[in-house]
There are 2 protein chains.
Amino acid sequence: MAGPRGEYRKSAERRAQILEAASTVFARTGYSASSVNEIARVVGISQTGVLHHFAGGKPALLQAVLEQRDARAEDRLSGRHGREFLAGLVAISRAQADQRGLVQLYRLLAAEATDPAHPAHEYFSTRFRRIADAVTQAYREVADAGGLRPGLDPRTAALRTLAMTEGLELLWLQGFEVDMAGDIADFLDAHLTDPLARG
Amino acid sequence: MAGPRGEYRKSAERRAQILEAASTVFARTGYSASSVNEIARVVGISQTGVLHHFAGGKPALLQAVLEQRDARAEDRLSGRHGREFLAGLVAISRAQADQRGLVQLYRLLAAEATDPAHPAHEYFSTRFRRIADAVTQAYREVADAGGLRPGLDPRTAALRTLAMTEGLELLWLQGFEVDMAGDIADFLDAHLTDPLARG
DNA sequence: GTCTATACCCCGATAGAC
DNA sequence: GTCTATCGGGGTATAGAC
């Protein structure tokens, strides 16, 4: 199980360092206004040093940052259905309170990417739709089991849940003292016949 | 009631043109990534021509754009209290559906301005807090009149209302077909003993 | 009021030495 | 793997002519 040695290992570590630096720099000033040079400065190497590790330049850096986060986050919900899935949303919210930089990064990039010319435009639009569909599906499963309050439409409930989640995140970033996880749990409970278990 | 003539009038018109161009350019690419040059190109004059009218440079342009919008929006709520104020929130949401560019501008700037070094940082943080306080006050007035459902705290209700408003705006910008005004009205009604009048 | 010209800075990318 | 040097482009801002 020994990892790569010598030059290879050094390269992998550099890549990781660069990725982390890119993440914090993008989070602070967004994609367009950030520079490879500044990322390099954070790492402590030259601009060309960074480009050596990411041949595709700045867009490649962005893509790598996004992929890294997705890989870490997606399995938190995979395989969960109905009420379990909804409970997973609460868990994710709770975890985000410790990742301010990452949340900020996503918020800023998502806003920038509204422009169709932005390199991450496609990424965000499909990602958002995928999430909305997954939440809709979860509500549908809850409804089939008789756990959804009467008169509620799964799709509408999903969009409102998403809106509340994103909105609370926004307020939290703005510096308001909101209990994201608690508020989302309350909001979900308002849709269900039986409340979710609290963690 | 005749306006200014001759040179003065020409100047005022130019300023208005520049402001409008700045608004659309900022909305498309954000503040940091926009250039005075591009704004000038949209207007059809040179870069120095723009700077002639806005001595403070790019930051002055940004400030002017923000002030212009506030001036137009604030009186929509001034003098209204309690239920009337809440109904005003719904009206504002309805109006925003026709102002995609402006909404986009605010969303992007607010995200950028999370950075304390951003020229609009202070503006957004005080603005957001002012809105939150105003909504809290409105809920308090409703509560005093016995119109708030029992067990609800005005401040918490206000923050959740704000979160829902912002979140719906976000989803709408992302391309989802959401009825912002209708959903907000529903959300408000869930807090009140009597539903608001629908427009 | 608007222009051209210009000074000076930072950007991303490439070539080539070590 | 990392560097310096360099190219071409674009940014803000100022000086001064018309």
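What counts and what doesn't
- One numbering rule holds for all chains: residues counted from 1, following each sequence as written.
- The lettering of chains begins at A and the numbering of ligands begins at 1, in the order of writing.
- Totals for whole chains, interfaces and linings use every residue, but because this is a predicted model, local features are given only for residues with pLDDT of at least 70 and side-chain atom pairs only at 80 or more, for both listing and counting.
- Side-chain numbers here rest on the full set of heavy atoms in the structure, without hydrogens or water.
- UniProt positions are given in the numbering used here, feature names are shortened, and annotations may be inferred rather than shown by experiment.
- Helix and strand definitions here come from DSSP, where helices need a minimum of 4 consecutive H or I residues and strands a minimum of 2 consecutive E residues; each element is numbered from the N-terminal end.
- A single heavy atom is enough: if one lies within 4 Å of a molecule or strand, its residue is considered near that molecule or strand.
- For the purposes of these results, a polar contact is taken to be a pair of N or O atoms within 3.5 Å, where, inside protein, one atom must be able to donate a hydrogen and its partner to accept one; residues adjacent in sequence count only when each atom of the pair is a side-chain atom.
- In this classification, Asp, Glu, Lys and Arg are treated as charged, Ala, Val, Leu, Ile, Met, Phe, Trp, Tyr, Cys and Pro as nonpolar, and every other residue, Gly included, as polar.
- Whether a residue is buried, partly exposed or exposed follows from its accessible area with a 1.4 Å probe, protein chains only, as a fraction of its type maximum: under 20%, in between, or over 50%, in that order.
- Here, residues are in contact when the closest pair of their heavy atoms is within 4.5 Å.
- Accessible area, probed at 1.4 Å, shrinks when two parts are joined; the buried area is that loss added up over both.
- We define a salt bridge as a contact between a side-chain nitrogen of Lys or Arg and a carboxyl oxygen of Asp or Glu at a distance within 4 Å.

Engineer: Explain the UniProt feature "domain: HTH tetR-type" (unreviewed entry) in chain A to me, please; I cannot follow it from the model alone.
Structural biologist: Here, the residues flagged by UniProt with the feature "domain: HTH tetR-type" (unreviewed entry) are residues 12-72 of chain A. Along residues 12-72 of chain A the backbone is 79% helical and 0% strand, and the end-to-end C-alpha distance reaches 18 Å.

Engineer: Looking at this structure, I do not really get the protein's contact with DNA strand D. What am I missing?
Structural biologist: Around DNA strand D, 17 residues are found, and the nearest of them are Arg 14, Ser 46 and His 53 of chain A together with Gln 47 and Thr 48 of chain B. Within 4 Å of the protein, atoms of DNA strand D come from sugar and phosphate in 52% of cases. Here a base oxygen of DNA strand D sits 3.2 Å away from a polar atom, N or O, in the side chain of Thr 48 of chain A. Interatomic distance of 3.2 Å between a side-chain N/O atom of Ser 35 of chain B and a phosphate oxygen of DNA strand D. Counting residues per element, the ones that place at least two in the surface near DNA strand D are α1 (6-29) and α3 (47-53) of chain A together with α2 (36-43) and α3 (47-53) of chain B. Its residues placed into classes, the surface near DNA strand D shows three nonpolar, eleven polar and three charged.

Engineer: Quick question: what am I supposed to make of the side chain of Ser 34 of chain A here?
Structural biologist: Residues and elements named next belong to chain A. By the secondary structure assignment, Ser 34 is in the loop between α1 and α2 (36-43). The exposure class assigned to Ser 34 is buried, which follows from its relative accessible area of 5%. In this structure the side chain of Ser 34 is engaged in a polar contact, spanning 2.9 Å, whose partner is the side chain of Thr 29. Of note is the side chain of Ser 34, whose polar atom sits 2.4 Å from the backbone oxygen of Gly 30. When residues no more than four places from it in sequence are discounted, the contact partners of Ser 34 are Val 25, Phe 26, Thr 29 and Lys 58.

Engineer: For this particular structure, what's the right way to read the interface of chain B and chain A?
Structural biologist: How large an interface is tends to be reported as the accessible area lost when its parts come together. Of the residues lining the interface, 35 residues belong to chain B; the matching set on chain A comes to 35 residues. For the pair chain B and chain A, the two sides together bury roughly 2,900 Å², of which 70% comes from carbon and sulfur. By the criterion of area lost to chain A, the three top residues of chain B are Arg 160, Gln 174 and Phe 176 of chain B, representing 20% of everything that side buries. One can count four salt bridges joining chain B with chain A. Asp 183 of chain A is the salt-bridge partner of Arg 160 of chain B, the closest N and O atoms lying 2.8 Å from each other. Counting every contact that joins chain B to chain A gives four residue pairs in polar contact (both at pLDDT 80 or more). Of all the secondary-structure elements, those providing two or more residues to the side of chain B that touches chain A are α1 (6-29), α6 (100-112), α7 (121-144), α8 (154-173) and α9 (180-189) of chain B. Top contributing element to the side of chain B that touches chain A by residue count: α8 of chain B, with twelve residues.

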